[in-house]
Amino acid sequence: MYYCLRKKLQEAIYIRGSYTLIQELYVHPMFRNQKIGSQLIYAVEQYCKEKGMNTLEVYLPLHSFIDYEKTLNFYEKEGFSVFGPRMKKEISFEAKKKYNYDRRYK
């Protein structure tokens, strides 16, 4: 497997409605630093927009995880901010397309 993304729709009172939780995002080391992870995040953002959701969350790994800092930096670069044991990103519906990635993932 070269890359993997699992997401789940959630309902919560604290954010007043639905949001999407990225449960797993993995890119094989041989394919990292090629913007694949960013493209996967973008695809989930587009999904959220289609469903009318403006919040995207991802669980952070444990601090003892060997690549914790790299993981944290990746999500911060993608616009997420730390939110307890998770990171959170508010999605703007007016945002311009970052990637031409709509062809396969609609």
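To be clear, the structure that these remarks concern was listed above.
Note that this is a predicted model, so its numbers are computed, not measured.

Conventions we followed
- Residues numbered from 1 in each chain as written.
- Predicted model: local features only at pLDDT ≥ 70, side-chain atom pairs only at ≥ 80, totals over all residues.
- Heavy atoms only, no water.
- Salt bridge = Lys/Arg side-chain N within 4 Å of Asp/Glu carboxyl O.
- Helix = DSSP H or I, 4+ residues; strand = E, 2+ residues; numbered from the N terminus.
- Buried < 20%, exposed > 50% of the residue type's maximum accessible area, 1.4 Å probe, protein only.
- Pairing = 2+ DSSP bridges.

Engineer: Whenever I open this one, the pattern of salt bridges confuses me. Can you help?
Structural biologist: Note that side chains of opposite charge can pair when their charged atoms are close. Taken as a whole, this structure holds two salt bridges when the rule is applied. For Lys89, the salt bridge is made with Glu45, and the minimal N-O distance between the two is 2.4 Å. In this pair, Lys89 is assigned in strand E5 (residues 86-90) and Glu45 in helix H1 (residues 36-51), connecting sequence segments 44 residues apart. No difference in accessibility class separates Lys89 from Glu45, as the two residues are buried. Between Glu90 and Lys88 there is a salt bridge, with the nearest N and O atoms lying 3.5 Å from each other.

Engineer: What am I meant to see in the pairing of E5 here?
Structural biologist: Looking along a regular strand, one sees side chains alternate from face to face of the sheet. For E5, a buried count of four out of five residues is recorded, marking the element as mostly surrounded by other parts of the structure. Here three bridges tie strand E4 (residues 81-83) to E5, and the two strands are oriented antiparallel to one another. Its bridge partner lying in E5, Ser81 is registered against Lys88. Connecting E4 to the next strand, E5, in antiparallel fashion are two residues, including Gly84 with a positive phi near 70 degrees.

Engineer: In this structure, what is going on with the pairing of strand E3 (residues 55-59)? I would like to understand it.
Structural biologist: For E3, a buried count of four out of five residues is recorded, marking the element as mostly surrounded by other parts of the structure. In the sheet, E3 pairs with E5 via five bridges, with the strands oriented antiparallel. Across the sheet, residue Tyr59 finds its bridge partner in E5, namely Arg86.

Engineer: Would you explain unusual backbone geometry in this entry?
Structural biologist: In most cases, non-glycine residues show a negative phi, while peptide bonds are predominantly trans. With a phi close to 60 degrees, Asn33 is a non-glycine residue in the positive phi region. Here Asn33 lies in the loop between strand E2 (17-27) and H1. Note on Asn33: relative accessible area 85%, which makes it exposed. Positive phi outside glycine occurs at Lys35, with the angle close to 70 degrees.

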